[in-house]
Amino acid sequence: TADEDEFNKRLQVQIEKFNELYRDVKVGDRYLLQYIPYGGISLFLNGECLGTVGQIGGRHESNDVTDNDDNDGEQALELRSIYEQQQLAKTIYSIWFGEYAFSESMKNELLTPLHPPVEVPPEMMNTQGSGEAVEGQDDGEKHEE
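Caption draft 1: Up close: unusual backbone geometry. You will see that Tyr38, though not glycine, has its phi angle at about 70 degrees, which is positive. Position of Tyr38 relative to the elements: it lies in the loop between β1 (31-36) and β2 (40-45). Taking relative accessible area as the criterion, Tyr38 reaches 51% and is therefore assigned exposed. Here the phi dihedral of Asn46 falls at roughly 50 degrees; this positive angle occurs in a residue that is not glycine. The exposure class assigned to Asn46 is partly exposed, which follows from its relative accessible area of 46%.

Following this line, the structure appears as structure tokens:
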């Protein structure tokens, strides 16, 4: 339908604006992607905000929208509802974490903790190196005397 076509065009424009935020990086640099409902989707590099897209109805933190005639068409391409903003956020996040992510190996690397927790078997929870329970430690169970 025409409404879906308009929505897809608005979404595409926002994705293109978001992609323009990316910068070249070096080892140790860190990107942070942040979605705040009604606020938009922000991209940070090493703690510095590179920009925000997807504001609803043209609400901007900066003076991106001026009163000149050139912006009339651009304002028509702003998101119109929280639903549209959520769809934009889902689309951007899916590039990295979705079923058809940009790079499956990068997705796995991003989702892998830097220091994976070690699972300790329950029988080892209240023991010293000998394998026997430590005297005086509360094991969380009630005992009758």
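Let's pick the thread back up.
Caption draft 2: Region of interest: the pattern of salt bridges. Evaluated as defined, the whole model comprises five salt bridges. Between Glu6 and Arg10 there is a salt bridge; the shortest N-O distance is 4.0 Å. Linking Glu6 with Arg10, this pair stays in helix α1 (residues 2-19), spanning four residues, or about one helical turn. Given a relative accessible area of 38%, Glu6 falls into the partly exposed group. Taking relative accessible area as the criterion, Arg10 reaches 4% and is therefore assigned buried. For Lys107, the salt bridge identified is with Glu104, shortest N-O distance 3.9 Å. Of this pair, Lys107 and Glu104 are both found in helix α4 (residues 104-111), three residues apart, which corresponds to roughly one turn of the helix.

Caption draft 3: Region of interest: the sheet that holds β2. Taken together, the three strands give an open sheet; going across it, the order is β1-β2-β3, and neighbouring strands pair in antiparallel fashion. One side of each edge strand has no neighbouring strand; the edge strands of this open sheet are β1 and β3 (48-53). Sheet twist, expressed as the mean angle between neighbouring strand axes with direction ignored, is 20 degrees. Pairing between β2 and β3: five bridges, direction antiparallel. Opposite Leu43, over in β3, you have Gly51 as the bridge partner. Contacts from α1 reach β1, β2 and β3, with the element oriented near 170 degrees to β3. Sitting on the sheet, helix α3 (residues 82-97) is in contact with β1, β2 and β3, with an inclination near 160 degrees to β1.

Caption draft 4: Fine view of the environment of Ile41. Among the secondary structure elements, Ile41 is positioned in strand β2. Judged by relative accessible area, which is 0%, Ile41 ranks as buried. Distance from Ile41 to Phe18, taken between C-alpha atoms, is 8.4 Å for residues 23 residues apart in sequence. Setting aside chain neighbours within four positions, we find Ile41 in contact with Phe18, Leu33, Gln34, Tyr35, Gly51, Thr52, Val53, Gln85, Leu88, Ala89 and Ile92.

Cut-off values and rules
- Residues numbered from 1 in each chain as written.
- Predicted model: local features only at pLDDT ≥ 70, side-chain atom pairs only at ≥ 80, totals over all residues.
- Heavy atoms only, no water.
- Helix = DSSP H or I, 4+ residues; strand = E, 2+ residues; numbered from the N terminus.
- Buried < 20%, exposed > 50% of the residue type's maximum accessible area, 1.4 Å probe, protein only.
- Salt bridge = Lys/Arg side-chain N within 4 Å of Asp/Glu carboxyl O.
- Pairing = 2+ DSSP bridges.
- Axes fitted to C-alpha atoms, helices over the stretch in contact; angles between N-to-C directions.
- Contact = heavy atoms within 4.5 Å.

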